[in-house]
Amino acid sequence: GQNIDQPTEMTATEGAIVQINCTYQTSGFNGLFWYQQHAGEAPTFLSYNVLDGLEEKGRFSSFLSRSKGYSYLLLKELQMKDSASYLCAVRPPDYKLSFGAGTTVTVRA
Amino acid sequence: DVKVTQSSRYLVKRTGEKVFLECVQDMDHENMFWYRQDPGLGLRLIYFSYDVKMKEKGDIPEGYSVSREKKERFSLILESASTNQTSMYLCASRHGGGYIQYFGAGTRLSVL
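In this text the structure is predicted, and so the values were computed from the model without any measurement. (Residues numbered from 1 in each chain as written. Chains lettered and ligands numbered in written order. Predicted model: local features only at pLDDT ≥ 70, side-chain atom pairs only at ≥ 80, totals over all residues. Heavy atoms only, no water.)

Engineer: What exactly am I supposed to notice about the interface of chain B and chain A here?
Structural biologist: Interface size is commonly expressed as the accessible surface area that is lost when the partners come together. Between chain B and chain A, the residue contacts involve 22 residues of the former and 17 residues of the latter. When the buried area of chain B at its contact with chain A is split by residue, Leu43, Tyr99 and Phe103 of chain B rank highest and sum to 30% of it. Run the count over chain B and chain A and you get zero salt bridges. On the surface where chain B and chain A come into contact, there are three residue pairs in polar contact (both at pLDDT 80 or more). (Contact = heavy atoms within 4.5 Å. Buried area = accessible area lost by both parts, 1.4 Å probe. Salt bridge = Lys/Arg side-chain N within 4 Å of Asp/Glu carboxyl O. Polar contact = N/O pair within 3.5 Å; in protein donor to acceptor, adjacent residues only side chain to side chain.)

Engineer: I tried to follow the sheet that holds strand β7 (residues 64–70) of chain B on my own but got confused; where do I start?
Structural biologist: Hydrogen bonds between backbone atoms are what pair the strands of a sheet, whose relative direction is either parallel or antiparallel. Residue and element names in this part refer to chain B. Spatially, four strands are ordered β1-β3-β8-β7 in an open sheet, and the strand pairing comes out antiparallel. Each of the sheet's edge strands pairs with one partner strand only, and the pair in question is β1 (4–6) and β7. Neighbouring strand axes in the sheet, compared pairwise and without regard to direction, differ in orientation by 20° on average. Where β1 and strand β3 (residues 19–25) come together, three bridges link them in antiparallel fashion. When the bridges of β3 are listed, Val4 appears paired with Gln25. (Pairing = 2+ DSSP bridges. Helix = DSSP H or I, 4+ residues; strand = E, 2+ residues; numbered from the N terminus. Axes fitted to C-alpha atoms, helices over the stretch in contact; angles between N-to-C directions.)

Engineer: What's the story with unusual backbone geometry in this structure? I'm lost.
Structural biologist: Not every positive phi belongs to a glycine, and Glu77 of chain A is a case in point at roughly 45°. Take Glu77 of chain A: it is sitting in the loop between β8 (70–75) and β9 (84–90).

Engineer: How do you make sense of the environment of Val52 of chain B when you look at a structure like this?
Structural biologist: All names here are of chain B. For Val52, the position within the fold is in the loop between β5 (42–49) and β6 (56–57). Through-space distance from the C-alpha of Val52 to that of Asn31 is 8.8 Å; in sequence the pair is 21 residues apart. Excluding its chain neighbours within four sequence positions, the residues that come into contact with Val52 are Arg68, Glu69, Lys70 and Lys71.

Engineer: It is not clear to me how the pattern of salt bridges should be interpreted in this structure. Could you clarify?
Structural biologist: Once their charged atoms are close, side chains differing in charge can pair, the charge on each being opposite to the other. This structure, assessed with the given rule, holds 10 salt bridges over all chains. The partner of Glu56 of chain A in a salt bridge is Lys76 of chain A, with the nearest N and O atoms 3.5 Å apart. You can see Glu56 of chain A sitting in strand β6 (residues 53–57) and its partner Lys76 of chain A sitting in the loop between β8 and β9, a full 20 residues away along the chain. Arg36 of chain B serves as the salt-bridge partner of Asp38 of chain B, at 2.8 Å between the closest nitrogen and oxygen. Judged by relative accessible area, which is 11%, Asp38 of chain B ranks as buried. Since its relative accessible area comes to 8%, Arg36 of chain B is described here as buried. Shared partners join several salt bridges into a network, and the residues in it are Asp28, Glu30 and Lys71 of chain B. (Buried < 20%, exposed > 50% of the residue type's maximum accessible area, 1.4 Å probe, protein only.)

Right under this line is the structure:
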(Lines give C-alpha, C1' and ligand atoms only; values in the text may rest on other atoms or scores of the structure.)
Protein backbone atom coordinates (compact mmCIF):
# COMPACT_ATOMS: atom_id res chain seq x y z
CA GLY A 1 0.00 0.00 0.00
CA GLN A 2 0.88 3.65 -0.23
CA ASN A 3 0.92 6.22 2.55
CA ILE A 4 1.99 9.75 1.68
CA ASP A 5 1.76 12.58 4.20
CA GLN A 6 2.13 16.31 3.74
CA PRO A 7 0.79 19.26 5.75
CA THR A 8 -2.64 20.52 4.81
CA GLU A 9 -1.94 24.24 4.84
CA MET A 10 0.96 26.69 5.14
CA THR A 11 1.04 30.47 5.18
CA ALA A 12 4.03 32.67 4.47
CA THR A 13 4.87 36.25 3.65
CA GLU A 14 5.86 37.55 0.23
CA GLY A 15 9.64 37.35 -0.17
CA ALA A 16 10.03 34.66 2.48
CA ILE A 17 10.98 30.98 2.18
CA VAL A 18 8.61 28.07 2.73
CA GLN A 19 9.49 24.38 3.02
CA ILE A 20 6.81 21.79 2.30
CA ASN A 21 7.61 18.36 3.72
CA CYS A 22 6.42 15.05 2.35
CA THR A 23 6.93 11.67 4.00
CA TYR A 24 6.06 8.42 2.34
CA GLN A 25 5.78 4.71 2.99
CA THR A 26 5.21 2.88 -0.26
CA SER A 27 5.57 -0.58 -1.71
CA GLY A 28 8.32 0.13 -4.21
CA PHE A 29 9.86 3.46 -5.16
CA ASN A 30 11.00 4.74 -8.53
CA GLY A 31 10.94 8.46 -7.88
CA LEU A 32 9.08 11.36 -6.31
CA PHE A 33 7.25 14.19 -8.04
CA TRP A 34 6.12 17.64 -7.00
CA TYR A 35 3.25 19.28 -8.88
CA GLN A 36 1.78 22.75 -8.49
CA GLN A 37 -1.96 23.30 -8.84
CA HIS A 38 -3.57 26.73 -8.87
CA ALA A 39 -7.24 26.83 -7.93
CA GLY A 40 -9.39 25.60 -10.81
CA GLU A 41 -6.42 24.71 -12.97
CA ALA A 42 -4.49 21.63 -14.05
CA PRO A 43 -1.64 20.35 -11.89
CA THR A 44 1.65 21.26 -13.53
CA PHE A 45 4.96 19.44 -13.15
CA LEU A 46 7.58 21.07 -10.92
CA SER A 47 10.22 18.45 -10.17
CA TYR A 48 11.14 14.79 -10.19
CA ASN A 49 13.71 13.27 -7.81
CA VAL A 50 15.06 9.78 -8.27
CA LEU A 51 18.36 9.95 -6.39
CA ASP A 52 19.11 11.36 -2.95
CA GLY A 53 20.00 15.00 -2.76
CA LEU A 54 18.88 18.46 -3.71
CA GLU A 55 17.73 19.54 -7.17
CA GLU A 56 17.45 23.26 -7.79
CA LYS A 57 15.37 24.97 -10.44
CA GLY A 58 15.35 28.71 -10.04
CA ARG A 59 13.37 29.70 -6.96
CA PHE A 60 12.19 26.11 -6.39
CA SER A 61 14.29 23.25 -5.01
CA SER A 62 13.36 19.69 -4.18
CA PHE A 63 15.17 17.32 -1.85
CA LEU A 64 14.94 13.56 -1.48
CA SER A 65 16.16 11.07 1.11
CA ARG A 66 15.15 7.56 0.08
CA SER A 67 16.43 5.95 3.28
CA LYS A 68 14.21 8.23 5.36
CA GLY A 69 11.21 8.19 3.01
CA TYR A 70 11.31 11.97 3.01
CA SER A 71 11.21 14.82 0.56
CA TYR A 72 10.72 18.55 0.72
CA LEU A 73 9.92 21.29 -1.73
CA LEU A 74 11.59 24.62 -0.96
CA LEU A 75 10.09 27.80 -2.35
CA LYS A 76 12.34 30.84 -2.10
CA GLU A 77 11.61 34.55 -2.60
CA LEU A 78 7.90 33.85 -2.40
CA GLN A 79 5.62 35.70 -4.77
CA MET A 80 1.86 36.13 -4.64
CA LYS A 81 1.54 33.88 -7.70
CA ASP A 82 3.04 31.02 -5.68
CA SER A 83 -0.24 30.75 -3.75
CA ALA A 84 -1.39 27.29 -4.84
CA SER A 85 -1.64 23.68 -3.80
CA TYR A 86 1.52 21.61 -3.97
CA LEU A 87 1.12 17.89 -4.57
CA CYS A 88 3.67 15.27 -3.59
CA ALA A 89 3.45 12.03 -5.60
CA VAL A 90 5.44 8.81 -5.46
CA ARG A 91 6.10 6.65 -8.51
CA PRO A 92 6.17 2.93 -7.75
CA PRO A 93 7.59 0.46 -10.33
CA ASP A 94 4.47 0.51 -12.52
CA TYR A 95 2.48 3.07 -14.49
CA LYS A 96 0.71 4.63 -11.55
CA LEU A 97 1.39 7.56 -9.25
CA SER A 98 0.31 7.77 -5.62
CA PHE A 99 -0.51 11.29 -4.48
CA GLY A 100 -0.56 12.93 -1.10
CA ALA A 101 -3.57 15.08 -0.21
CA GLY A 102 -1.73 18.27 -1.16
CA THR A 103 -0.50 21.34 0.74
CA THR A 104 -2.25 24.67 0.20
CA VAL A 105 0.24 27.51 0.41
CA THR A 106 -1.07 31.03 0.97
CA VAL A 107 1.31 33.91 0.36
CA ARG A 108 0.42 37.14 2.18
CA ALA A 109 1.62 40.60 1.25
CA ASP B 1 3.53 22.25 -25.30
CA VAL B 2 1.52 19.19 -24.38
CA LYS B 3 -2.18 19.84 -24.34
CA VAL B 4 -4.69 17.71 -22.49
CA THR B 5 -8.25 18.89 -23.06
CA GLN B 6 -11.27 17.86 -21.06
CA SER B 7 -14.51 18.52 -22.87
CA SER B 8 -16.39 20.16 -20.00
CA ARG B 9 -15.26 22.29 -17.06
CA TYR B 10 -18.56 21.92 -15.19
CA LEU B 11 -21.31 19.33 -15.40
CA VAL B 12 -24.51 18.88 -13.42
CA LYS B 13 -26.27 15.53 -13.70
CA ARG B 14 -29.10 13.70 -12.01
CA THR B 15 -28.78 10.52 -9.99
CA GLY B 16 -29.05 7.49 -12.26
CA GLU B 17 -27.97 9.27 -15.43
CA LYS B 18 -25.23 7.85 -17.63
CA VAL B 19 -22.39 10.35 -17.78
CA PHE B 20 -19.53 10.60 -20.25
CA LEU B 21 -16.37 12.57 -19.49
CA GLU B 22 -14.10 13.06 -22.46
CA CYS B 23 -10.37 13.70 -22.58
CA VAL B 24 -8.21 14.37 -25.62
CA GLN B 25 -4.43 14.76 -25.79
CA ASP B 26 -2.47 16.07 -28.75
CA MET B 27 1.01 14.61 -28.14
CA ASP B 28 0.56 11.02 -29.30
CA HIS B 29 1.01 9.74 -25.74
CA GLU B 30 0.51 6.05 -25.15
CA ASN B 31 -0.59 6.25 -21.52
CA MET B 32 -3.71 8.02 -20.26
CA PHE B 33 -5.20 8.26 -16.78
CA TRP B 34 -8.39 9.25 -15.02
CA TYR B 35 -8.28 10.55 -11.44
CA ARG B 36 -10.77 12.04 -9.06
CA GLN B 37 -9.72 14.77 -6.65
CA ASP B 38 -11.51 15.28 -3.36
CA PRO B 39 -10.59 17.61 -0.47
CA GLY B 40 -8.35 15.90 2.04
CA LEU B 41 -7.95 12.81 -0.13
CA GLY B 42 -5.78 14.05 -2.96
CA LEU B 43 -5.83 12.52 -6.41
CA ARG B 44 -7.00 8.92 -6.60
CA LEU B 45 -6.57 6.81 -9.72
CA ILE B 46 -9.79 5.45 -11.21
CA TYR B 47 -8.56 3.80 -14.43
CA PHE B 48 -5.62 4.01 -16.74
CA SER B 49 -4.82 2.91 -20.26
CA TYR B 50 -1.34 2.15 -21.47
CA ASP B 51 -2.38 1.95 -25.12
CA VAL B 52 -5.36 1.88 -27.47
CA LYS B 53 -8.05 -0.58 -26.34
CA MET B 54 -5.98 -1.39 -23.24
CA LYS B 55 -7.24 -0.49 -19.77
CA GLU B 56 -6.48 -1.35 -16.20
CA LYS B 57 -8.29 -0.63 -12.97
CA GLY B 58 -6.80 1.90 -10.62
CA ASP B 59 -7.46 2.22 -6.92
CA ILE B 60 -11.17 3.17 -7.06
CA PRO B 61 -12.76 1.73 -10.24
CA GLU B 62 -16.15 0.85 -8.74
CA GLY B 63 -19.01 2.61 -10.50
CA TYR B 64 -16.84 3.66 -13.45
CA SER B 65 -15.80 2.27 -16.81
CA VAL B 66 -13.54 3.62 -19.56
CA SER B 67 -13.13 3.52 -23.31
CA ARG B 68 -9.99 4.04 -25.41
CA GLU B 69 -10.85 3.48 -29.07
CA LYS B 70 -8.35 6.02 -30.40
CA LYS B 71 -4.93 6.89 -29.08
CA GLU B 72 -5.73 10.54 -28.44
CA ARG B 73 -9.05 10.04 -26.62
CA PHE B 74 -9.83 8.46 -23.26
CA SER B 75 -13.40 8.49 -21.98
CA LEU B 76 -14.62 7.96 -18.44
CA ILE B 77 -18.15 6.60 -18.10
CA LEU B 78 -20.38 6.69 -15.06
CA GLU B 79 -22.95 4.02 -15.85
CA SER B 80 -25.46 5.26 -13.28
CA ALA B 81 -24.35 8.42 -11.56
CA SER B 82 -24.66 8.62 -7.79
CA THR B 83 -24.27 11.55 -5.41
CA ASN B 84 -21.00 10.14 -4.04
CA GLN B 85 -19.50 10.58 -7.49
CA THR B 86 -19.73 14.36 -7.14
CA SER B 87 -16.09 15.35 -7.49
CA MET B 88 -13.38 16.97 -9.61
CA TYR B 89 -12.23 14.61 -12.36
CA LEU B 90 -8.77 15.01 -13.83
CA CYS B 91 -7.40 13.37 -16.94
CA ALA B 92 -3.67 12.96 -17.58
CA SER B 93 -1.44 11.59 -20.29
CA ARG B 94 2.16 10.43 -20.48
CA HIS B 95 4.55 9.27 -23.15
CA GLY B 96 5.08 5.52 -22.85
CA GLY B 97 8.81 5.89 -22.24
CA GLY B 98 8.56 9.00 -20.09
CA TYR B 99 7.73 9.78 -16.49
CA ILE B 100 5.91 13.12 -16.40
CA GLN B 101 2.13 13.05 -16.44
CA TYR B 102 0.45 16.04 -18.07
CA PHE B 103 -2.94 17.00 -16.71
CA GLY B 104 -6.09 18.55 -18.07
CA ALA B 105 -7.81 21.39 -16.23
CA GLY B 106 -10.46 19.07 -14.80
CA THR B 107 -14.21 18.57 -14.95
CA ARG B 108 -16.17 19.45 -11.85
CA LEU B 109 -19.13 17.07 -11.76
CA SER B 110 -22.12 17.57 -9.50
CA VAL B 111 -24.62 14.72 -9.20
CA LEU B 112 -27.93 15.82 -7.71
